[in-house]
Amino acid sequence: MRVLAADIGGTNSRFALYDTDGLARGDVPRPRDRLCAVRLPTAAAASFPDLLRRAAAAEPGLFALPALLVLAVAGPVRDGRRCTPPNIPWTVDLDDPALRAPDVPPLPPVLLINDFVAQAYACLRPAALDVLEVLDGDPAPGAAMAVVGAGTGLGKCLLLPPSDACAPPRALSSEGGHALFPFTDEREMAFAAFIRAHTGREVIGDLVVSGPGLRLLHAFHTGQWLDPAEVAGRLTSGCGNDEGPGQVLPPISSQVLSWFARFYGRACRNYVLETLALGGLFIAGGVAAAVPVVVTHPAFAAAFRQSDTHADLLRRVPVRLVRSPDAGLLGAALYGALNGVPCAPGVR
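A quick note: this is a predicted structure, and the numbers were derived from the prediction, not measured.

Enquirer: I would appreciate a short explanation of the packing of aromatic side chains in the present structure.
Expert: How two aromatic rings sit relative to each other is set out by the distance from centre to centre and by the angle between their planes. For the structure on display, the rule yields 16 aromatic pairs. Ring plane angle 5° and centroid distance 6.0 Å describe the contact between phenylalanine 191 and phenylalanine 263, whose orientation is recorded as stacked. Residue phenylalanine 191 is found in helix 4 (residues 186–199), and its partner phenylalanine 263 is found in helix 7 (residues 251–275); the two are separated by 72 residues along the sequence. On the numbers, 5.9 Å between centres and 45° between planes, the contact of phenylalanine 220 with tryptophan 259 is tilted. Linking phenylalanine 220 in helix 5 (residues 211–222) with tryptophan 259 in helix 7, this pair joins segments that are 39 residues apart in sequence. In this structure, phenylalanine 220 and tryptophan 259 share a single accessibility class: buried. Over the ring of phenylalanine 263 we find arginine 262; its NZ or CZ atom is 5.5 Å from the centre of that ring.

In structure tokens form, the structure reads like this:
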């Protein structure tokens, strides 16, 4: 079956057409399974129909008779038909009459899902991903797995095993990135006040563990307002590998890195405890993929495993970083392969 996968985030929108027969059987994806692909800046599109126009213009082969379109969008999905992403200035509405305009490519049947459902499904095929082992552990068999990731915002999802042999895995999306972020001491409270002063908003996870959060943290410590990519470049300038921070970072950059790693570890720990995800934690999202040291830094491990009551439990949870930029596309294609058609005997 041909599945058109779309991963629509606050920064980039990715499209790819997959042959999913092998994915549905559990095979490791092959390069030839991905028939064509394109990446576009999300902000360049004036609307969802306009994004589809741009995708078709950039790669006409995308709409070459797919049996199913899986749209993974960074926001809450309502009734399987509508999503209003908090970090995108337009709505995805499958009932929008503008989708029937003659210059918009005709759509096959559509499955609309949260973007971190797609990230979670990608983690079902770790052999197909670029995965870095962050923390060792001893996962509980059959337990839930957590997926957390910082990008334009903070995404979270819980991956549950199938309820029976023929059912697909269950992925429970979350808008936990919009919950208030917990700070623990006076210096952190000063950072929270800084965020409120410069954004006029409540201090939620999206404003702390994210690309915009990294920008705010750097400005708090240095007084310099840089794009998140520029801050990331400064944090990686002293890193010779993925194992940890290098020795040549200026002290102020080391402080920014340590704080961000601590906040990232705290966000992951809280979600694992809230969901009892004893099967392991996958870290996704653009920030850690671009700057792996934010999760390999000792401050991440210290924050992730800090608990007066459940430190032993947390030490048993393995943590892995997904560095593949197109993991969301693979996950969307796999979601379509496993949920878009009836399950064949023995296929999970």
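Enquirer: Looking at this model, I keep getting lost on the layout of surface pockets. Mind explaining?
Expert: If you roll a probe as big as a water molecule over the atoms, it shows you where there is empty space left. Roughly 930 Å³ of internal volume is contained in the largest pocket. Forming the boundary of the largest pocket are 46 residues, of which Ala150, Gly151, Thr152, Gly285 and Gly286 lie nearest the centre. Every element with two or more residues in the lining of the largest pocket is listed here: strand 2 (12–19), helix 3 (115–122), strand 10 (145–150), strand 11 (154–160), helix 5, helix 6 (228–236), helix 8 (286–290) and helix 12 (327–339). Among the elements that make up the lining of the largest pocket, the one with the highest residue count is helix 8 (four residues). Its residues assigned to classes, the lining of the largest pocket shows 18 nonpolar, 22 polar and six charged. As a volume, the second largest pocket reaches approximately 220 Å³. Lining the second largest pocket are Tyr18, Pro29, Arg30, Pro31, Asp33, Arg34, Ala128, Leu129, Ser324, Asp326, Ala327 and Leu330.

Enquirer: Please clarify how the packing of helix 4 against helix 7 should be interpreted in this entry.
Expert: In contact at an axis separation of 13 Å, helix 4 and helix 7 are set at 90° when each is read in the N-to-C sense. For the element pair helix 4 / helix 7, the angle class is roughly perpendicular. Of the residues in helix 7, those in contact with Arg187, Glu188 and Phe191 of helix 4 are Trp259, Arg262, Phe263 and Arg266. When its residues are assigned to classes, the contact of helix 4 with helix 7 shows three nonpolar, no polar and four charged.

The rules behind each value
- Residues numbered from 1 in each chain as written.
- Predicted model: local features only at pLDDT ≥ 70, side-chain atom pairs only at ≥ 80, totals over all residues.
- Heavy atoms only, no water.
- Phe/Tyr/Trp six-rings, centres within 6.5 Å; stacked < 30°, edge-to-face > 60°.
- Helix = DSSP H or I, 4+ residues; strand = E, 2+ residues; numbered from the N terminus.
- Buried < 20%, exposed > 50% of the residue type's maximum accessible area, 1.4 Å probe, protein only.
- Lys NZ or Arg CZ within 6 Å of the ring centre and 35° of its normal.
- 1 Å grid on protein atoms, 1.4 Å probe; cavity = no way out; pocket = protein on both sides within 12 Å on 5 of 7 lines; lining within 4 Å.
- Points joined across faces, edges and corners; volume = space filled by probe spheres on them.
- Nonpolar A, V, L, I, M, F, W, Y, C, P; charged D, E, K, R; others polar.
- Axes fitted to C-alpha atoms, helices over the stretch in contact; angles between N-to-C directions.
- Parallel < 35°, antiparallel > 145°, perpendicular 65-115°, else oblique.
- Contact = heavy atoms within 4.5 Å.

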